[in-house]
Amino acid sequence: MKKFLVASFVLAFSLQAADKMEYINIQETLDSALAKETLSGKISFSFGSKSGNGKVIAKDLVTNKKSNAAMRGHDGKIESCKRSFISALKQFEDRAMRENGTKVIRLISYFKKKPYDSTTEFECAIGTWMTGVALKGDVAK
């Protein structure tokens, strides 16, 4: 009986922990107060695998950022996704500044190494406890 209860608990938890994908507007997120407070504005971002040009300084960089989503309703989880996205952009911005770059180009979503190529939306995985955004892009001048 004890093994059955443990197996039932593990199964129930794993089902709840499954990621649900949401697709969130990039521009709306960039226009948010949090983005304006967090990002310096010194580095430009171009979204989509065909976006941007310039001399590439660092290629195929990947970041994966998570935010707490526990005890939040759907709207709270979307806000958590936006925080994860802005945090990922901040990491790209910091790297671009260290490399003397002026922009990050060819940004795509890259959750679990699966490309999602969009110029208007980013992909966010929403789990029971966390949200996650993974991005891949190039730093350029």
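All values reported here derive from a predicted model rather than from experimental measurement.

Colleague: Describe the pattern of salt bridges, listing the residues and the values that go with them.
Modeller: Within the structure shown, the criterion is met by seven salt bridges. Between Asp-94 and Lys-90 there is a salt bridge, and its shortest N-O distance comes to 3.2 Å. In this pair, Asp-94 and Lys-90 both sit in helix 4 (residues 74-98), four residues apart, roughly one turn of the helix. For the salt bridge of Arg-95 with Glu-99, the shortest nitrogen-to-oxygen distance reads 2.9 Å. Note on Arg-95: relative accessible area 27%, which makes it partly exposed. On the accessibility criterion, Glu-99 (28% relative accessible area) is partly exposed. The structure contains a network of salt bridges with shared partners spanning Glu-28, Glu-79 and Lys-82.

Quick notes on the rules
Residues numbered from 1 in each chain as written. Predicted model: local features only at pLDDT ≥ 70, side-chain atom pairs only at ≥ 80, totals over all residues. Heavy atoms only, no water. Salt bridge = Lys/Arg side-chain N within 4 Å of Asp/Glu carboxyl O. Helix = DSSP H or I, 4+ residues; strand = E, 2+ residues; numbered from the N terminus. Buried < 20%, exposed > 50% of the residue type's maximum accessible area, 1.4 Å probe, protein only.

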